Amino acid sequence: MSGCVAVGSASTALISSSEACSFHNYVPARTAVDWVLTGRSAVLARPDPENGFSYTITKVLRGKGQMDPPPFLIDSATRTRLVQNRKDAVLFGMRENGSWVRVAYVNDDYSQALEDVVANATDWRTEDYHPERIERFSKYLGHPAPELSKLALQEIDRAPYALLSQLTSDVPVSYLAGKLRSRDAYANRPILVLLLGLNRSAEARALIDTYIDRAVDWEWAEHLGPFATALIEQQGAKGIARLDAFLTEPGQPLEKLESIVEALAITPWCRFAVHPGKDLQCPDGIRRKSSRRLCSDRAAVFATAKLGARCQP
């Protein structure tokens, strides 16, 4: 998950993509790419010509040997869609225990994206998250096929922030803002906000500024971490100075401070490394660029006690 940095134990310098952090209050499901790369099996299936309500495997993307088709009845909506679109299929993945799970509806563009995964599978399996994945799938953000656009968002959500911050694709603010207002994209809001921070438009900046201004007075600010990261990404030292209001104002909940600390941890301005027992020390350059002393006593006590971390340039 983008932006997840563990700062509590020397044995866990980074949180894996299968764990949740304060940027994400959920554990992400395996993406279609994960199933094709590391699943026990991954297949495309369509209605069986002899029984239109049962599936038959039409293509194997991962796996060997004879496989029984996924033992699911085809719901009427999916069946109608597949009948009307002869090139479409449904992607199924097989768990390690041998059970099947429906992964996604696959149209022609989605199928081409999966073929790209198969073609690069050998290289992509060499890393937990190969850098090419984010560039290949970022082009599908906002794709007319909602399943493919969703996959693109899930794939980008898996990327470490160091890769995400280098993303060259300029995602339109209209798309990001629309998804942020959508209930069905609630779980994806952290990555949507991080992408908003990479957009340099005045509209993107206004959305982030509005949230930060309001969040200062809230007792609890959901998604403050990604919004703080987006603020720093857009405004640098000025953004850090604005976050002083959270770190130095008495009475701010520790959950909000933790979100700010995590935002600082993944930005190039002030990274947190794991040094248990050490005090929180911010580089002098950061202090000079901040309107207040960023590492206040309260923030240092909080970070040292709860995170066991030290701020490094």
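Residue positions are counted from 1 within each chain, in the order its sequence is given. Thresholds applied to this predicted model are a pLDDT of at least 70 for local features of residues and 80 or more for the giving and counting of side-chain atom pairs; totals over whole chains, interfaces and linings are not thresholded and use all residues. Hydrogen atoms and water are omitted, and side-chain values are computed over all heavy atoms in the structure.

Examining the nonpolar core
Our working definition: Buried Ala, Val, Leu, Ile, Met, Phe, Trp, Tyr and Cys residues form a nonpolar core when they are joined through side-chain atoms within 4.5 Å. Residue burial is assigned from relative accessible area. The probe radius is 1.4 Å, only protein chains are included, and a residue is buried under 20% of its type maximum, exposed over 50%, and partly exposed in between.
Counting 67 residues, the largest nonpolar core has L114, L164 and L195 as the members making the most contacts within it. Core analysis: the second largest hydrophobic core is formed by eleven residues, V43, V90, M94 and W100 among them.

Comments concerning the environment of N51
Quick note on the threshold: Counting from the N terminus, the helices are the DSSP runs of H or I reaching at least four residues and the strands are the DSSP runs of E reaching at least two.
Within the element layout of this structure, N51 appears in strand β2 (residues 51–62). Under the relative-accessibility criterion, N51 is labelled partly exposed at 36%. Residues N51 and L73 lie 22 residues apart in sequence; the distance between their C-alpha atoms is 10.0 Å.

Comments concerning unusual backbone geometry
Phi is positive for H223, close to 65°, though the residue is something other than glycine. The topology assignment puts H223 in the loop between α9 (202–215) and α10 (224–235). Judged by relative accessible area, which is 11%, H223 ranks as buried.

So, the confidence of the model for the protein chain
Condition: Within a predicted model, pLDDT stands for the predictor's per-residue confidence, ranging from 0 to 100. Residues count as neighbours in contact if any of their non-hydrogen atoms are within 4.5 Å of one another.
Averaged over every residue, the pLDDT of the protein chain is 78; residues scoring 70 or more account for 76%. Contacts from residues 3–22, a stretch scored under 50 in pLDDT, to residues over four places away or in other chains number 41 contacts. Every residue in residues 271–313 is under pLDDT 50, and counting partners more than four places away or in other chains gives 97 contacts.

Observations concerning the packing of helix α11 (residues 237–248) against helix α12 (residues 254–266)
Let me state the cut-off plainly: Inter-axis angles, ranging from 0 to 180 degrees, are taken between N-to-C directions of lines fitted to C-alpha atoms, where helices are fitted over the stretch in contact. When describing relative orientation, an angle under 35 degrees is termed roughly parallel and one over 145 degrees roughly antiparallel, while 65 to 115 degrees is termed roughly perpendicular and anything else oblique. Crossing handedness follows the turn of the near helix against the far one: under a right angle anticlockwise gives a left-handed crossing, and clockwise gives a right-handed one. Classification used: nonpolar for Ala, Val, Leu, Ile, Met, Phe, Trp, Tyr, Cys and Pro, charged for Asp, Glu, Lys and Arg, polar for all others including Gly.
Between α11 and α12, the least distance of the axes is 10 Å, while the angle of their chain directions is 155°. By the angle class used here, α11 and α12 are roughly antiparallel. Our pair here, α11 against α12, has a crossing hand that is left-handed. Where α11 abuts α12, its residues I240, L243, F246 and L247 lie against K256, L257, I260 and L264. Among the residues forming the contact of α11 with α12, the class breakdown is seven nonpolar, no polar and one charged.

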